[in-house]
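Listed below, chain by chain, are the residues.
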Amino acid sequence: MICLGIEGTAHSYGVGIITNEKKHCNVLANIIHTYQPPQGGIHPREAANHHVTYADQIIKEALTHAHLTLPDIDLISFSQGPGLGPCLRTAATAARALALTLNKPLIGVNHCVAHLEIGRGTIPACTNPILLYVSGANTQIIGFAEGKYRVFGETLDIGIGNCLDKFGRYVNLAFPAGPKIETLAQQGTTYYPLPYTIKGMDVAFSGLLTGAQQYISRHKPLKDICYSIQETTFAALTEVTERAMAHTEKKQVLLGGGVASNTRLRDMVKTMADERHAQFFVPRKDLCIDNGAMIAWLGYVMHIHGHTMTIKQSKINQRYRTDMVEVTWYA
Ligand code: ATP
Ligand code: FE2
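Cut-offs used in this document
- Residues numbered from 1 in each chain as written.
- Chains lettered and ligands numbered in written order.
- Predicted model: local features only at pLDDT ≥ 70, side-chain atom pairs only at ≥ 80, totals over all residues.
- Heavy atoms only, no water.
- Helix = DSSP H or I, 4+ residues; strand = E, 2+ residues; numbered from the N terminus.
- Buried < 20%, exposed > 50% of the residue type's maximum accessible area, 1.4 Å probe, protein only.
- Contact = heavy atoms within 4.5 Å.
- Polar contact = N/O pair within 3.5 Å; in protein donor to acceptor, adjacent residues only side chain to side chain.
- Salt bridge = Lys/Arg side-chain N within 4 Å of Asp/Glu carboxyl O.
- Near = heavy atom within 4 Å.
- Areas by Shrake-Rupley, 256 points an atom, 1.4 Å probe, with all protein chains shown as cover.
- Nonpolar A, V, L, I, M, F, W, Y, C, P; charged D, E, K, R; others polar.
- Domains from an automatic or database assignment.

### Focus: the environment of Y133
Phase 1 of the analysis: Within the secondary structure, Y133 sits in strand β6 (residues 130–134).
Phase 2 of the analysis: Here Y133 falls in the buried class, since its relative accessible area comes to 0%.
Phase 3 of the analysis: Distance from Y133 to N20, taken between C-alpha atoms, is 24 Å for residues 113 residues apart in sequence.
Phase 4 of the analysis: Each residue touching Y133, except ones within four places of it in the same chain, is listed here: H111, C112, H115, N138, T139, Q140, I142, G256, G257 and D290.
Phase 5 of the analysis: At 3.0 Å, the side chain of Y133 and the side chain of N138 are in polar contact.

### Remarks on the pattern of salt bridges
Phase 1 of the analysis: Following the criterion strictly, the structure yields ten salt bridges and no others.
Phase 2 of the analysis: For E154, the salt bridge goes to R321, with nearest N and O atoms at 3.6 Å. Linking E154 in strand β8 (residues 148–154) with R321 in the segment after α10 (292–304), this pair joins segments that are 167 residues apart in sequence.
Phase 3 of the analysis: You can call R321 partly exposed: its relative accessible area is 35%.
Phase 4 of the analysis: Linked through salt bridges whose partners overlap, the residues forming this network are E154, R321 and D323.

### Quick look at the site of ligand 1
Phase 1 of the analysis: With respect to spatial proximity, 24 residues lie near ligand 1, and among them Y133, S135, G136, D165 and E182 are the closest.
Phase 2 of the analysis: A distance of 2.6 Å separates an oxygen atom of ligand 1 from a polar atom in the side chain of S135.
Phase 3 of the analysis: One of the side-chain N or O atoms of N262 is found 3.0 Å from a nitrogen atom in ligand 1.
Phase 4 of the analysis: Surface burial for ligand 1 is 91%, taken as the share of its 640 Å² of free accessible area covered by protein chains.
Phase 5 of the analysis: Those elements that place two or more of their residues in the shell around ligand 1 are α4 (160–170) and α5 (178–186).
Phase 6 of the analysis: When its residues are assigned to classes, the shell around ligand 1 shows nine nonpolar, twelve polar and three charged.
Phase 7 of the analysis: Summarising the domain contributions, the shell around ligand 1 has at least three residues from each of domain 1 (2–116 + 287–324) and domain 2 (129–282).

Take a look at the structure:
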């Protein structure tokens, strides 16, 4: 079975095509085009205009890459939420149009669940992980328990990626600032204390962001502040992930989201996993960031487990929570 998935929750527009090889995912194409704001943050309407402009071209590119044509597609899936309304609507509209034209089934999927399932789908050893999902807008610690993906912990204010990008904007680093902060942090030598905020199982970063900005206004070295931001935020994320693993007795941890590219975060989480005799997994980069292949794969998994959707049911849901999904396929 071949599924085409459309991702459009935020500034990236992605079209992925997957097929199944027994129970695993074979990615045939995964084309991603990212909206770069001329300056400042993402304006949802402008990001959506970008998606509309490139929708057709990216679908064609994905088909070409997979050596397929539209009639070869058996199923269409799209990111139904959570995300920015105007962006979600463009992806959903493209998916509905394709499904109706081709007369093929349509399925809307939860973006956060897709980040976890692509790990399970493409890494055979990764069967029952706790996911540390760290992207721009999202920061969640997710795991399967009693029929659903449960959010064991999440950010109470901004996502870790947004925290890095906002700090980057303050010190004139171009968006996305995460990779530049990573490079600067590698040259840092002195740790400057920053708020380490964990409340229950949740984390918060806005106090830390303000603290980091104050150090900069007091002319502390940028490389040391980048180092201190990474050490503090990543330690908090690793701590909560470890507590979720201990609570659920899971022996696997999976990273997802754009911030999963960061080598310092990987090292910290891997060290924690090693100490617990647990396995550590990261999907390849194009499957970590927002992408259509993960949407296609989750659409396929849900479809073969009997999930169906009418056009009427395909309305987007900006606040589609991870634990709203009935997970009938987990094994
Ligand atoms: P979502 O809509 O799911 O929240 P997103 O639109 O923010 O995701 P992603 O591609 O998953 O998109 O993540 C982008 C984020 O990842 C940006 O905030 C960027 O700064 C951050 N990032 C990318 N590479 C690195 C890195 N090496 N270190 C730290 N952060 C990184
Ligand atoms: Fe994402």
